[in-house]
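Given next are the chains, with one letter for each unit.
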Amino acid sequence: LTENCVLDRDLVAEPLSSAGFDFYIETRDPYGNSRSSSSERFELDLSPVEGQYEGSFEIKSDVRYVSGGTYYAQMSHLGTFGKHVFSVRHEGRHIHGSPFMINLIGGKIDADNADASFFRVTSSSSELIKAKVLNLGIDDDLKIVLQGRDSNGALTRRGLESISFVVYWNEPLYLPGQ
């Protein structure tokens, strides 16, 4: 019976949104006919392989009967990105093809959900700068750590290619030889 449950689309073929994704599960009897029962029990499970559970860690899943042996399944509020193992079980047993190796990506960075940390880096240490004014020595480097999140709170790297910033000086910059 479980071997006759299939998804309506290939979840492995392309990255899925960390905001959530949906699909249909089609159940058939051993002869390939649509099942008419609406009392099937499905379980959805997601675990990271190369990713992090951060952001809005409130993963929600829902499976509802539609008709003719077809169920609508939805995963939302994932708050994670990277490679994950996604399992679909019917009555406790994996359906055909499960578990699936999927890739979750966040949406574009939302400026209201992005955090930036500034570090003063010397030859001997790295120190978090909490002040609004950055005091750096002549041989110090500035390290900026950006933590991008999309509008759903999921970690994301999408949009980092378009980040820019401007440095303003309170005093004229003195360069040796001027």
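Residues numbered from 1 in each chain as written. Predicted model: local features only at pLDDT ≥ 70, side-chain atom pairs only at ≥ 80, totals over all residues. Heavy atoms only, no water.

### Brief notes about the overall build of the protein
Here is step 1 of the chain: What the protein contains, in helices and strands, is 0 helices and 12 strands.
Here is step 2 of the chain: Secondary structure elements of the protein, listed N to C terminal, follow the sequence β-β-β-β-β-β-β-β-β-β-β-β.
Here is step 3 of the chain: For the protein, the proportion of its 178 residues judged to be buried stands at 29%.
Here is step 4 of the chain: The long-range share in the protein, meaning contacts at least 24 apart out of those at least 6 apart in sequence, stands at 62%.
Here is step 5 of the chain: Carbon and sulfur atoms make up 49% of the accessible area of the protein, which amounts to about 11,500 Å² in all. (Helix = DSSP H or I, 4+ residues; strand = E, 2+ residues; numbered from the N terminus. Buried < 20%, exposed > 50% of the residue type's maximum accessible area, 1.4 Å probe, protein only. Contact = heavy atoms within 4.5 Å. Areas by Shrake-Rupley, 256 points an atom, 1.4 Å probe, with all protein chains shown as cover.)

### A word on the packing of aromatic side chains
Here is step 1 of the chain: Counted according to the given criterion, the structure contains 6 aromatic pairs.
Here is step 2 of the chain: When the ring of F21 is compared with that of F23, the centres are 6.2 Å apart and the planes differ by 25 degrees; the resulting orientation is stacked.
Here is step 3 of the chain: Chaining the aromatic ring pairs together yields one cluster made of F21, F23 and F86. (Phe/Tyr/Trp six-rings, centres within 6.5 Å; stacked < 30°, edge-to-face > 60°.)

### Focus: the pattern of salt bridges
Here is step 1 of the chain: As enumerated under the stated definition, the model contains 5 salt bridges in all.
Here is step 2 of the chain: Here R64 makes a salt bridge to D62, at a shortest N to O gap of 2.5 Å.
Here is step 3 of the chain: When salt bridges that share partners are traced, they join R41, E43, R89 and E91 into one network. (Salt bridge = Lys/Arg side-chain N within 4 Å of Asp/Glu carboxyl O.)

### Considerations on the pairing of strand β11 (residues 126–129)
Here is step 1 of the chain: Taken together, the 4 bridges between strand β10 (residues 115–121) and β11 define a ladder with antiparallel strand orientation. Bridging across to β11, F119 finds its partner in L128.
Here is step 2 of the chain: Linkage of β10 to β11, two consecutive antiparallel strands, is achieved through a turn of 4 residues. (Pairing = 2+ DSSP bridges.)

### Quick word on the sheet that holds strand β6 (residues 70–76)
Here is step 1 of the chain: Taken in spatial order, the 4 strands line up as β1-β3-β6-β5 in an open sheet, and their pairing is antiparallel. Single-partner strands in this sheet number two, and they are β1 (5–7) and β5 (60–67). Ignoring strand direction, the axes of neighbouring strands in this sheet form an average angle of 25 degrees.
Here is step 2 of the chain: As defined by bridge partners, β5 adjoins β6 across 7 bridges and the pair is classed as antiparallel. Looking across to β6, one finds that S61 is bridged to M75. (Axes fitted to C-alpha atoms, helices over the stretch in contact; angles between N-to-C directions.)

### Observations concerning the environment of S117
Here is step 1 of the chain: For S117, the position within the fold is in strand β10.
Here is step 2 of the chain: Taking the relative accessible area as the measure of exposure, S117 reaches 27% and is therefore partly exposed.
Here is step 3 of the chain: Here the alpha-carbon distance between S117 and K143, two residues 26 residues apart in the chain, equals 8.2 Å.
Here is step 4 of the chain: Those residues in contact with S117, other than ones at most four positions away along the chain, are L128, K143, I144 and V145.

### Focus on the nonpolar core
Here is step 1 of the chain: Ranked by internal contacts, the top residues of the largest apolar core, which has 20 residues, are L11, F21, F23, I25, F86, V88 and I102.
Here is step 2 of the chain: Those elements giving two or more residues to this core turn out to be β1, β3 (20–27), β4 (42–53), β6, β7 (80–90) and β9 (100–105).
Here is step 3 of the chain: Once you skip the residues sitting within four places of it in the chain, F86 turns out to touch L11, F21, F23, L44, D45, L46, M75, S98, P99, F100 and I102. (Core = buried A, V, L, I, M, F, W, Y, C linked by side-chain atoms within 4.5 Å.)

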